[in-house]
Amino acid sequence: MAQMQMQQLMGRTAAVDDISTGSESDYAKCWISWFLSTKGNEYFCEVEEDYILDRFNLTGLNAEVQNYAQALDLINDNLGDDDIEDEMRATIEVNARFLYGLIHARWIVTSRGLAKMLEKYKKADFGRCPRVFCYSQPLLPVGLTDVPYEKAVKLYCPRCEDIYTPKSSRHGSIDGAYFGTTFPHMLFMVYPHMVPPKSAPSAGPQVPGSQSASREGAVGPAGVGTVSTAAAAMKAERYKPKIFGFGVHETARWQRWQEAMRDKQVGRLEAYERDEEGRRQREVARTR
Ligand SMILES: [Zn+2]
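Residues numbered from 1 in each chain as written. Predicted model: local features only at pLDDT ≥ 70, side-chain atom pairs only at ≥ 80, totals over all residues.

Looking only at helices and strands, one finds 12 helices and 5 strands in the protein chain. In the protein chain, which comprises 288 residues, the proportion classed as buried is 23%. A separation of at least 24 residues holds for 60% of the contacts in the protein chain among residues at least 6 apart in sequence. (Helix = DSSP H or I, 4+ residues; strand = E, 2+ residues; numbered from the N terminus. Buried ≥ 20, exposed ≤ 12 C-beta atoms within 10 Å, placed from the backbone. Contact = placed C-beta atoms within 7 Å.)

A few words on the nonpolar core. Counting 40 residues, the largest nonpolar core has Ala71, Leu99, Ile108 and Leu140 as the members making the most contacts within it. Where this core is concerned, the elements lending two or more residues are helix 5 (68–75), helix 6 (86–107), helix 7 (111–122), strand 1 (140–142), strand 2 (154–157) and helix 9 (183–190). In terms of residue count, the dominant contributor to this core is helix 6 (9 residues). Residue contributions to this core reach at least three from each of two domains, namely domain 1 (1–107) and domain 2 (124–227). For leucine 140, the residues in contact, after removing those within four places along its chain, are Tyr121, Phe126, Leu155, Tyr156, Pro184 and Leu187. (Core = buried A, V, L, I, M, F, W, Y, C linked by C-beta atoms within 7 Å. Domains from an automatic or database assignment.)

In the sheet, strand 1 pairs with strand 2 via 3 bridges, with the strands oriented antiparallel. Among the inter-strand pairings, proline 141 is bridged to a residue of strand 2, identified as leucine 155. When strand 2 meets strand 3 (residues 162–164), the two strands line up antiparallel, connected through 3 bridges. Bridging across to strand 3, cysteine 157 finds its partner in aspartate 162. The hairpin formed by strand 2 and strand 3 contains 4 residues between the paired strands, and glutamate 161 there has a positive phi angle of roughly 55°. (Pairing = 2+ DSSP bridges.)

Another point: the sheet that holds strand 1. The antiparallel open sheet is built from 3 strands, whose spatial order is 1-2-3. Whereas interior strands pair on both sides, the edge strands pair on one side only; in this sheet they are strand 1 and strand 3. Neighbour-to-neighbour, the strand axes of this sheet turn through a mean angle of 45°, independent of strand direction. (Axes fitted to C-alpha atoms, helices over the stretch in contact; angles between N-to-C directions.)

What follows is about the packing of helix 7 against helix 9. The geometry of helix 7 relative to helix 9 is characterised by a closest axis approach of 10 Å and an angle of 95° between their N-to-C directions. Relative to helix 9, the element helix 7 is oriented roughly perpendicular. Here helix 7 contributes Leu114, Met117 and Leu118 to the contact with helix 9, which in turn contributes Met186, Leu187 and Val190. Looking at the contact of helix 7 with helix 9 residue by residue, the classes come out as 6 nonpolar, no polar and no charged. (Parallel < 35°, antiparallel > 145°, perpendicular 65-115°, else oblique. Nonpolar A, V, L, I, M, F, W, Y, C, P; charged D, E, K, R; others polar.)

Once that is clear, we can look at the packing of helix 5 against helix 6. Each packed pair of helices is defined by two parameters, the angle between the axes and the distance between the axes. Where helix 5 contacts helix 6, the axes come no closer than 8 Å and their chain directions differ by 75°. With respect to their mutual orientation, helix 5 and helix 6 come out roughly perpendicular. For the pair helix 5 and helix 6, the contacting residues are Tyr68, Gln70, Ala71, Leu72, Leu74 and Ile75 in the first and Ile92, Glu93, Asn95, Ala96, Leu99 and Tyr100 in the second. Looking at the contact of helix 5 with helix 6 residue by residue, the classes come out as 9 nonpolar, 2 polar and 1 charged.

Structure (structure tokens):
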């Protein structure tokens, strides 16, 4: 069922793409296409017209955006050319970008929005994790707050589960509220098979969605999937600072302590998984 919905969504995305790859003049007519093609806006995905036209989805935004009605008209390509002075038009343009950002934050946590962002993630449109042991893991945008004008967008790595500042200052200055605090975590909740494995890739950097990634990378949240939680925890690689081959004292001491804690935790998880397995087998034996 989910598979079928997914395929339908993908079909729909493909159809939209076909339309948007029109001639230069078609492109200029559509505000959203122009906005998405502008340098620096590569993190944004296309919000479908149906979503914007449903006023229910925009509840409350009229109180947050100045010149709301005109900004919305501009996004929907309904703003007439007449009677608006250049200065006012420039102001509305700024309001429209802000409004699009706020709509975008709501859209990307819907099922259709998630599917669009998943496609961008697969293409690594948001860049890759700079951490060596993450093996060029593609990133996802995340906000540190849902309130606009507070914090710029950051990039979340699902492999090391940490966040990074975008490389380019164009991206680094985008408001984090246009993506929100929920988005990347919602994406992995809806697509658990996209959660990358903690272990090193067997051959070359893995691309999510590729054959090898989906085969061995089936580590879901909290033990869902083919690899056990304990096995996944054991596979996480870490960097160890060394001076002439010896561990740096303070860091080494810390890491020894952390690893002892990890081993203890892994031991508990393994015991739990053994108990569960035993319980399952007893149940199977009873029902026979
Ligand atoms: Zn990482």
